[in-house]
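Descriptive analysis of the structure
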Amino acid sequence: MEFRTLLIGGVFPALLLGMGTVIMKLSLRAGISLPIYLVCVGFSIFCYGAFFAFQSGMKEVTLSGGFFAFLMGITWSTAIYCMSYGISVLKLPVSVIAPLTNSNAIIAVILGAIVFSEWKDLNFVKVLIGTFLIVTGGVVVSRS
């Protein structure tokens, strides 16, 4: 795998999502309500997507693709709402929320293995070792 692929597909998203969690707490500390927080986040995503849609000429639009994109938005925004509720109402620190929510990789691997038949290409020993390390790391970091 190319270095550029790892940067764009993994390192940059990890950096941005990590920064996003901190920015979430800054926003909530500044006194925004949870529903308005989601509206602002959603509007920024809408603007970002609209910019690139118009730039690309809005090619490749399908009903099923739009449906799955909508479902992704619902699952993602529900997760963000839960995280923001944990931070603002339950007063959970970022150091607890971030490692626990980043264990989502385990869910993605399991669902990808089932939905896309990627289990055929998985090394189950490495998956189990990685799962153990993710869970252990999340527990250790969240308890620090």
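How each quantity is defined
- Residues numbered from 1 in each chain as written.
- Predicted model: local features only at pLDDT ≥ 70, side-chain atom pairs only at ≥ 80, totals over all residues.
- Heavy atoms only, no water.
- Core = buried A, V, L, I, M, F, W, Y, C linked by side-chain atoms within 4.5 Å.
- Buried < 20%, exposed > 50% of the residue type's maximum accessible area, 1.4 Å probe, protein only.
- Contact = heavy atoms within 4.5 Å.
- Axes fitted to C-alpha atoms, helices over the stretch in contact; angles between N-to-C directions.
- Helix = DSSP H or I, 4+ residues; strand = E, 2+ residues; numbered from the N terminus.
- Parallel < 35°, antiparallel > 145°, perpendicular 65-115°, else oblique.
- Nonpolar A, V, L, I, M, F, W, Y, C, P; charged D, E, K, R; others polar.
- Phe/Tyr/Trp six-rings, centres within 6.5 Å; stacked < 30°, edge-to-face > 60°.
- Expected span 1.5 Å × (residues − 1).
- Salt bridge = Lys/Arg side-chain N within 4 Å of Asp/Glu carboxyl O.

Our focus in this paragraph is the nonpolar core. Membership of the largest hydrophobic core is limited to nine residues, which are M24, L28, L34, Y37, V41, I80, M83, I87 and I97. Residues within four places of L28 in sequence aside, it is in contact with L34, Y37, S84, I87 and S88.

Moving on, we come to the packing of helix α5 (residues 104-115) against helix α6 (residues 124-142). Interaxial distance between α5 and α6 falls to 9 Å at its minimum, and their mutual angle equals 155°. What the angle tells us is that α5 and α6 run roughly antiparallel. For the pair α5 and α6, contact is made by A105, I106 and V109 and by V127, T131, I134 and V135, respectively. Residues of the contact of α5 with α6, tallied by class, amount to six nonpolar, one polar and no charged.

A few words now on the packing of helix α4 (residues 94-101) against α6. Contact geometry of α4 with α6 gives a least axis separation of 8 Å together with a crossing angle of 175°. Considering the angle they form, α4 stands roughly antiparallel to α6. Listed contacts from α6 to S95, V96, P99 and L100 of α4 are G138, V141 and S142. Of the residues assigned to the contact of α4 with α6, the class counts are four nonpolar, three polar and no charged.

In this section: the packing of aromatic side chains. How two aromatic rings sit relative to each other is given by the distance of their centres and the angle of their planes. The tally for this structure, following the rule as stated, stands at five aromatic pairs. Seen from their ring centres, F51 and F52 are 5.1 Å apart, and the 80° between their planes marks the pair as edge-to-face. Ring pairs connect the aromatic residues Y48, F51 and F52, which therefore count as one cluster.

With 23 residues, helix α2 (residues 34-56) extends 33 Å from end C-alpha to end C-alpha; this agrees with the ideal 33 Å at 1.5 Å per step. For α2, every residue scored as buried is listed here: L34, Y37, V41 and A50. Two residues or fewer after α2 comes G57, characterised by a positive phi angle close to 85°.

Moving on to the pattern of salt bridges. In total, this model carries one salt bridge according to the counting rule given. Residue E2 is joined to R4 by a salt bridge in which the shortest nitrogen-to-oxygen separation is 3.8 Å. We classify R4 as exposed; its relative accessible area is 54%.

By themselves, these observations are geometric and do not establish any function.
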